[in-house]
Amino acid sequence: MGKQKQLLLLSLILSYSTIISLLLASSAVAQKGPKEVEKWFKKLPHTKEKVTKLHFYFHDVVSGNNPTSVPVGRANSTFTSPTYFGLVTMIDNPLTTGPGPKSKVMGRAQGITGYASSEELCLLMTVNFVFTSGKYNGSTISVVGYNPINHMYREMPIVGGSGVFRLARGIATAETAKFDVRSGNAVVEYNVMVLHY
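Bear in mind that the values here come from a model prediction, so they are computed numbers and not experimental data.

A.B. asks: Would you explain the overall build of the protein in this entry?
C.D. replies: Tallying secondary structure elements over the protein gives two helices and nine strands in all. Its helices and strands in sequence order give the protein the pattern α-α-β-β-β-β-β-β-β-β-β, from N to C terminus. Of all 197 residues assigned to the protein, the portion counted as buried reaches 39%. For the protein, the accessible surface area stands at approximately 11600 Å², while carbon and sulfur atoms represent 59% of it.

In structure tokens form, the structure reads like this:
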């Protein structure tokens, strides 16, 4: 496949994934309909802001028969770069209550990550935490930020949300709980502090 076709394909994949991410992020609001959302906004000046603390584990599976993180694009120089600069990955990673693979699933981390530095291992994260059970079922939190994966703690901004987390803002702190050098699979512990209405 020629370079122009590869760039066009990557562009289409990124465009479609952005549209899908936006649709997923707004699905809980869309289910209520525009009149319900308008009523909610009219009540907003009289609504007190809440703080919610969330704790879960993010399972990044890059190997085996059912990977949850797959490469969708790369630069010609990606695999000669010590930082994988230019590698773009689509993720649909389980979010669980515990670090084990059989822990209860509470949602999915869906979005795009890209190796964004030629000097250090770091990701640009554009991810929605989509909750699929419990009192946050159908709600989302959107994270966009810098994730230097070799640091012990990584702090990423919460830039929005839907459902229970409408107009969310806050901080998601990540810490790698487990990394298998042979498979490349990782489990990342997340502590999330989110302000919402």
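A.B. asks: What is the right way to read the layout of surface pockets from this model?
C.D. replies: The probe, sized like a water molecule, is rolled over the atoms to show the empty space still left. Its volume calculated, the largest pocket comes out at about 720 Å³. Elements with a contribution of two residues or more to the lining of the largest pocket: β1 (50-60), β2 (69-73), β3 (88-96), β4 (105-115), β5 (123-131), β8 (169-179) and β9 (186-196). When its residues are assigned to classes, the lining of the largest pocket shows 16 nonpolar, eight polar and two charged.

A.B. asks: What's the story with the pattern of salt bridges in this structure? I'm lost.
C.D. replies: Working definition: two side chains of opposite charge can pair if their charged atoms are close together. Overall, the coordinates contain three salt bridges when judged by the stated rule. The residue glutamate 38 makes a salt bridge to lysine 42 at a minimum N-O spacing of 3.4 Å. With glutamate 38 and lysine 42 both in helix α2 (residues 34-43), this residue pair falls four residues apart, about one helical turn. The class for lysine 42 is exposed, based on a relative accessible area of 59%.

A.B. asks: What exactly am I supposed to notice about the packing of aromatic side chains here?
C.D. replies: We describe a pair of aromatic rings using the distance from one ring centre to the other and the angle between the two ring planes. Using the criterion set out here, one finds nine aromatic pairs in the structure. Judged by centre distance (5.0 Å) and plane angle (35°), the ring pair of tyrosine 136 and phenylalanine 165 falls under tilted. Of this pair, tyrosine 136 sits in the loop between β5 and β6 (140-147) while phenylalanine 165 is found in the loop between β7 (154-162) and β8, placing the two residues 29 residues apart along the sequence. Taken as a pair, tyrosine 136 and phenylalanine 165 share a single burial class, namely buried. Ring pairing ties together the aromatic residues Phe56, Phe58, Phe129, Phe131, Tyr136, Phe165 and Tyr190, which thus form one cluster.

A.B. asks: What should I look at first to understand the side chain of threonine 140 in this one?
C.D. replies: Position of threonine 140 relative to the elements: it lies in strand β6. According to the relative accessible area criterion, threonine 140 is buried, its value standing at 1%.

A.B. asks: Explain a nonpolar patch on the surface to me, please; I cannot follow it from the model alone.
C.D. replies: Together, Leu124, Val144 and Val159 give the surface a local cluster of nonpolar side chains, amounting to about 230 Å² of exposed area. Here valine 159 shows up in strand β7.

Scoring rules and cut-offs
- Residues numbered from 1 in each chain as written.
- Predicted model: local features only at pLDDT ≥ 70, side-chain atom pairs only at ≥ 80, totals over all residues.
- Heavy atoms only, no water.
- Helix = DSSP H or I, 4+ residues; strand = E, 2+ residues; numbered from the N terminus.
- Buried < 20%, exposed > 50% of the residue type's maximum accessible area, 1.4 Å probe, protein only.
- Areas by Shrake-Rupley, 256 points an atom, 1.4 Å probe, with all protein chains shown as cover.
- 1 Å grid on protein atoms, 1.4 Å probe; cavity = no way out; pocket = protein on both sides within 12 Å on 5 of 7 lines; lining within 4 Å.
- Points joined across faces, edges and corners; volume = space filled by probe spheres on them.
- Nonpolar A, V, L, I, M, F, W, Y, C, P; charged D, E, K, R; others polar.
- Salt bridge = Lys/Arg side-chain N within 4 Å of Asp/Glu carboxyl O.
- Phe/Tyr/Trp six-rings, centres within 6.5 Å; stacked < 30°, edge-to-face > 60°.
- Patch = residues over 30% accessible without salt bridge, like charges linked within 9 Å, V, L, I, M, F, W, Y side chains within 5 Å.

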